[in-house]
Amino acid sequence: MATGYTSLESLTKVREHDPVRRLIQSKLSKMVFFGEFTDSEIETLSDRLVGYRAEKGDAVFVEGEKAGYLCIVIEGLLSIVKDTGTGKSRTITEVPAGKLIGEMSLIDGEPHSATAVASESTLLAALTEQSLALISEDDPALGAKLYKTIAVMLSQRLRRTDAELVNYLD
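Since the structure is predicted, the reported quantities are computational estimates derived from the model, not experimental observations.

Take the packing of helix 2 (residues 39–48) against helix 5 (residues 140–165) next. At their nearest, the axes of helix 2 and helix 5 sit 11 Å apart, and the two run at 85° to each other. With respect to their mutual orientation, helix 2 and helix 5 come out roughly perpendicular. Here helix 2 contributes Glu41, Thr44 and Leu45 to the contact with helix 5, which in turn contributes Leu142, Lys145 and Leu146. Tallied by class, the residues present in the contact of helix 2 with helix 5 amount to 3 nonpolar, 1 polar and 2 charged.

We now examine the nonpolar core. The biggest cluster of nonpolar side chains holds 25 residues, and the ones touching the most others in it are Leu28, Phe34, Ile72, Ile74 and Leu146. If you list the elements that add at least two residues to this core, you get helix 1 (18–30), helix 2, strand 4 (69–75), strand 9 (122–128), helix 4 (129–138) and helix 5. For this core, the element with the highest residue contribution is helix 5, accounting for 4 residues. When near neighbours in sequence (up to four residues on either side) are disregarded, Ile72 contacts Leu28, Met31, Phe34, Leu49, Lys99, Leu100, Leu123, Leu124 and Ala125. Counting residues in hydrophobic clusters, the runner-up holds 17 residues, among them Tyr52, Ala54, Ile101 and Ala116.

Right, let's get into helix 2. Among the residues making up helix 2, those that are buried are Glu41, Ile42, Leu45 and Ser46. In a view along the axis of helix 2, the buried residues occupy a sector of 135°, so they form one face of it.

On to the pairing of strand 8 (residues 115–118). Residues Thr115 and Val117 of strand 8 are buried on one face, and the alternating residues Ala116 and Ala118, pointing to the opposite face, are buried as well. The pairing of strand 3 (residues 59–61) with strand 8 spans 2 bridges and is antiparallel. Paired with Phe61 across the strands is Ala116, a residue of strand 8. As defined by bridge partners, strand 5 (residues 77–83) adjoins strand 8 across 4 bridges and the pair is classed as antiparallel. Residue pairing across strands places Ile80 opposite Ala116, the latter belonging to strand 8.

For the rest of this paragraph, the subject is the sheet that holds strand 5. Strand order in the open sheet formed by 4 strands is 3-8-5-6, with antiparallel pairing between adjacent strands. A strand with exactly one partner marks an edge of an open sheet, and here the two such strands are strand 3 and strand 6 (89–96). Going across the sheet, the axis of each strand differs from the next one's by a mean of 30°, ignoring polarity.

Per-residue confidence for the chain gives a mean pLDDT of 88, with 92% of residues at or over 70. Low confidence marks residues 1–6, where pLDDT is under 50. Its contacts with residues over four positions away, or in another chain, come to 19 contacts.

Within the fold, Thr128 resides in strand 9. We classify Thr128 as partly exposed; its relative accessible area is 22%. Along the primary structure Thr128 and Leu106 are separated by 22 residues, whereas in three dimensions their C-alpha atoms are 7.6 Å apart. Setting aside its immediate chain neighbours within four residues, Thr128 contacts Gly68, Tyr69 and Leu106. Within the local environment of Thr128, its side chain forms a polar contact with the backbone nitrogen of Ser131, the two atoms lying 3.0 Å apart.

By the secondary structure assignment, Thr149 is in helix 5. Thr149 gets classed as buried once you look at its relative accessible area, which sits at 16%. In this view, Thr149 contacts Phe33 and Phe37; residues no more than four positions away in its chain are not counted.

Our focus in this paragraph is the sheet that holds strand 1 (residues 12–13). Strands sit in the order 1-2-9-4-7 across an open sheet of 5 strands; the sheet is antiparallel. Either end of the sheet is taken by a strand with one partner, and the two such strands are strand 1 and strand 7 (100–101).

Criteria and cut-off values
- Residues numbered from 1 in each chain as written.
- Predicted model: local features only at pLDDT ≥ 70, side-chain atom pairs only at ≥ 80, totals over all residues.
- Heavy atoms only, no water.
- Axes fitted to C-alpha atoms, helices over the stretch in contact; angles between N-to-C directions.
- Helix = DSSP H or I, 4+ residues; strand = E, 2+ residues; numbered from the N terminus.
- Parallel < 35°, antiparallel > 145°, perpendicular 65-115°, else oblique.
- Contact = heavy atoms within 4.5 Å.
- Nonpolar A, V, L, I, M, F, W, Y, C, P; charged D, E, K, R; others polar.
- Core = buried A, V, L, I, M, F, W, Y, C linked by side-chain atoms within 4.5 Å.
- Buried < 20%, exposed > 50% of the residue type's maximum accessible area, 1.4 Å probe, protein only.
- Arc of directions from axis to C-beta.
- Pairing = 2+ DSSP bridges.
- pLDDT = per-residue confidence, 0-100.
- Polar contact = N/O pair within 3.5 Å; in protein donor to acceptor, adjacent residues only side chain to side chain.

Put into structure tokens, the structure is as follows:
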């Protein structure tokens with residue numbers, strides 16, 4: 001497990017500022033992930049998101065810890081870092097604006113499989129388990145659509161990983 005990092009709770013919360021809310025809503029409407037969502041659905045989702053500012057070196061989540069949220073990178077860049085088991089860590093990928101992280105832990109409740117660290121000042125929109133549950137209660141069709149979209153994204157990632165894994169066989 002990675003150590004020496006902070007987590008989402010210690011980041012600067014910026015959601016209360018209306019310009020940040022409008023920025024998040026504006027960015028969501030342009031993201032591929034939300035391509036099938038109506039303007040009204042995006043507005044409902046953005047009302048349930050909490051904005052955070054992560055500065056370079058801040059952890060958004062830490063490998064081995066349970067967090068109960070996913071994050072959408074609104075602006076900036078995150079590095080996904082994996083503990084190698086030798087006391088060192090290795091960056092396995094970078095997550096630019098417009099991408100999601102943490103969805104596996106949000107869905108299955110398991111600890112994070114890697115650490116996400118801000119590579120530069122980054123604006124995030126977090127969706128918590130509680131917010132997802134409220135969306136699903138208040139608007140079951142929107143909740144189902146969100147779950148399905150997350151499932152499709154996870155399936156696509158798994159297919160890409162399978163294709164890359166073939167290169168390491170034999």
